[in-house]
Amino acid sequence: MDEFARIRHWTHGRQSADMQRRQGVVLGIGDDAAVVEPPADETEPLQWVLAVDTMVETVHFADATMSEEDVGYKALAANVSDIAAMGGVPRHALVSVSVPPSYGADRMRRLYDGLYACADRYGVAVIGGDTTSSPQHLVIAVTVIGTVAAGRALRRSGAQPGDAVFVTGPVGLSAAGLHWLLARQNDPLAQPPPEAAALVRAHRRPAPSVRAGQLLAARGTCRSLNDVSDGLASEAWEIAEASGVRLVLREALLPRSGSLAAYASRAGVDPLEWMLYGGEDYVLVGTLAADDAEAAKAAFAAEGLPFYVIGETEAGDPGVELVVRSERRGAEERRVPLAKRGYNHFGG
Ligand SMILES: Nc1ncnc2c1ncn2[C@@H]1O[C@H](COP(=O)(O)OP(=O)(O)OP(=O)(O)O)[C@@H](O)[C@H]1O
Ligand SMILES: Cc1ncc(C[n+]2csc(CCOP(=O)(O)O)c2C)c(N)n1
Ligand SMILES: [Mg+2]
Ligand SMILES: [Mg+2]
Ligand SMILES: [Mg+2]
């Protein structure tokens, strides 16, 4: 199959005309560029929210860690998560792939099966992309375009002293899943522990907090927001530096997953390492006015969504601290500074 036959094989007839129409698509895949109608919202004016993120074979995934479907799903989900982290509604996606000889047309078709599954899950219209060959590794870069009510986009920079710090889901599962997948690679006969399925799923099929981001944008009390790609500590540091505040996280308040605890104990690893520094969780971390924390939690619960208050902010030099969980009741609170560490493509 040549380049053009491949593109057709991967994308032709994959999304309903209805879904494309709902997102204002006038002209989708097939011309020099896509054409979309700006969405008309009857209640309030909108602004565009735009993001791009890339995944590279051997850096973000490998044959041992992800299926083709998983790669396509996660490439779009990671971008949808950036739109969620602004409080936006994801609408359109452009997909750029650089394809090595090891990925034939049918392997790529499976990648698009996963990508379209994610697109349908979040109501995103795939409207175009780009295709090149690659000498060795697969590279996929997805651009997502969304909207937010004008002036309501949630930034990293609005945290104020006295805010409550929250997360919209548990952290550390994806890193634990990756740990298991890499361990299995070295010992293919190893029996999966019972908790492996949940951890591997968290790694392969992240569930971006899109509805949560929208609820937060609509509340008007959320002052800062970020999504967790590089690890909770690193994203908390980004909020601290952008806002000029200190974030104080409490170990005892961090959501604990039974699967994570069980696997960490089996692997002889402190689960806190994965929770703080693992990354690829694609939950949201942010701050909101402390007096709205209880009501926000209730509003989330009413929609079946988790919301965990995990600490508070303080005035002072930007930084992140952890209040360590004490073994003894009534013991004096012990704080440790958290390193500005996490996944970083160039070390440091
Ligand atoms: N090569 C680049 N050229 C221009 N802007 C960039 C480039 N790389 C990143 N940015 C911008 O820098 C900011 C931070 O990007 P970054 O990729 O660190 O955030 P993220 O996408 O939330 O995190 P991650 O990529 O780890 O998931 C964004 O505004 C992004 O648009
Ligand atoms: C095979 C393999 N090795 C390592 C990792 C871990 N990893 C890669 S990128 C990243 C942070 C997010 O990326 P970005 O900052 O580019 O959004 C993490 C935690 C993986 N997923 N697969
Ligand atoms: Mg990025
Ligand atoms: Mg982000
Ligand atoms: Mg990153």
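Residues numbered from 1 in each chain as written. Chains lettered and ligands numbered in written order. Predicted model: local features only at pLDDT ≥ 70, side-chain atom pairs only at ≥ 80, totals over all residues. Heavy atoms only, no water.

A.B. asks: Can you walk me through the coordination of the magnesium ion (ligand 4) in this structure?
C.D. replies: The protein atoms donating to the magnesium ion (ligand 4) are D82 (OD) and D227 (OD), with metal-donor distances spanning 2.0 to 2.1 Å. A separation of 5.9 Å is found between the magnesium ion (ligand 4) and the magnesium ion (ligand 3). Here the residue D82 occupies a position in helix α3 (residues 68–84), and D227 occupies one in strand β8 (residues 222–227), the gap between them amounting to 145 residues. An identical accessibility class is assigned to D82 and D227; each is buried. (Donors = N, O, S within 2.8 Å, 3.2 Å for Na, K, Ca; no water. Helix = DSSP H or I, 4+ residues; strand = E, 2+ residues; numbered from the N terminus. Buried < 20%, exposed > 50% of the residue type's maximum accessible area, 1.4 Å probe, protein only.)

A.B. asks: Any chance you could explain the site of ligand 2 here in plain terms?
C.D. replies: The full set of residues close to ligand 2 is V59, H60, F61, L178, H203, S229, D230, G278, E280, Y343 and H345. Measuring from an oxygen atom of ligand 2, one finds a side-chain N or O atom of H60 at 2.8 Å. At a separation of 2.8 Å, a nitrogen atom of ligand 2 approaches a polar side-chain atom of E280. In isolation ligand 2 exposes 510 Å². Once the protein is present, 86% of that is buried. (Near = heavy atom within 4 Å. Polar contact = N/O pair within 3.5 Å; in protein donor to acceptor, adjacent residues only side chain to side chain. Areas by Shrake-Rupley, 256 points an atom, 1.4 Å probe, with all protein chains shown as cover.)

A.B. asks: What's the story with unusual backbone geometry in this structure? I'm lost.
C.D. replies: Leave glycine aside and you will find that most residues have negative phi; peptide bonds, for their part, are mostly trans. Of note in this structure, E280 is not a glycine but carries a positive phi near 60°. Following the sequence through the fold, E280 ends up in the loop between α10 (271–277) and β10 (284–288). For E280, a relative accessible area of 18% gives the class buried.

A.B. asks: Please explain helix α8 (residues 232–243) as it appears in this structure.
C.D. replies: One turn of an α-helix holds 3.6 residues; hence residues three or four places apart share an orientation. Between its terminal C-alpha atoms α8 stretches 16 Å, which fits the 16 Å expected from 12 residues at 1.5 Å a residue. Of all 12 residues that make up α8, nine are buried, and the element is covered over most of its length. (Expected span 1.5 Å × (residues − 1).)

A.B. asks: When you look at the packing of helix α5 (residues 173–186) against helix α9 (residues 258–267) in this model, what are you seeing that I'm missing?
C.D. replies: Between two packed helices, both the angle of their axes relative to each other and the distance between the axes serve to describe the pair. Taken N-terminus to C-terminus, the directions of α5 and α9 make an angle of 40°; their axes are 10 Å apart at the nearest point. Relative to α9, the element α5 lies oblique. Between α5 and α9 the crossing geometry is left-handed. Of the residues in α9, those in contact with L173, A176, H179 and W180 of α5 are L260, Y263 and A267. (Axes fitted to C-alpha atoms, helices over the stretch in contact; angles between N-to-C directions. Parallel < 35°, antiparallel > 145°, perpendicular 65-115°, else oblique. Left-handed = near helix turned anticlockwise from the far one by under 90°. Contact = heavy atoms within 4.5 Å.)

A.B. asks: What is the right way to read the UniProt feature "binding site: Mg(2+) 2" (unreviewed entry) in the protein from this model?
C.D. replies: Following the UniProt record, the feature "binding site: Mg(2+) 2" (unreviewed entry) maps to D53 and D82 here. On the basis of their most widely separated C-alpha atoms, the annotated residues across 30 residues gather in one place, lying no more than 8.8 Å apart. Looking at where D53 falls in the secondary structure, it is placed in strand β3 (residues 46–56). For D82, the contacting residues outside a window of four places in its chain are A51, D53 and D227. (UniProt positions renumbered as here; feature names shortened; annotations may be inferred.)

A.B. asks: Would you mind showing me how to read the UniProt feature "binding site: substrate" (unreviewed entry) in the protein here?
C.D. replies: In this numbering, the UniProt entry assigns the feature "binding site: substrate" (unreviewed entry) to H60, E280 and Y343. Spanning 284 residues, the named residues nonetheless gather at one spot, since no C-alpha pair among them exceeds 11.0 Å. Here H60 is to be found in the loop between β3 and α3. With relative accessibility at 19%, the residue H60 sits in the buried group. Excluding residues within four positions of it along the chain, H60 makes contact with T54, M55, E280 and H345. Within polar-contact distance, the side chain of H60 engages the backbone oxygen of T54 at 3.5 Å. Here E280 is in contact with H60, K74, S174, H203, V228 and S229, once residues within four sequence places are set aside. Within the local environment of E280, its side chain forms a polar contact with the side chain of K74, the two groups lying 3.0 Å apart.

A.B. asks: What should I look at first to understand the domain arrangement of the protein in this one?
C.D. replies: Think of interface size as the accessible area that goes away when the parts come together; that is how it is often given. One can read the domain layout of the protein as domain 1 (3–149) and domain 2 (164–337). The gap between the C-alpha centroids of domain 1 and domain 2 is 27 Å. Residue-level contacts link 20 residues of domain 1 with 22 residues of domain 2. Across the interface of domain 1 and domain 2, roughly 1,800 Å² is buried in total on both sides, 58% from carbon and sulfur atoms. (Domains from an automatic or database assignment. Buried area = accessible area lost by both parts, 1.4 Å probe.)

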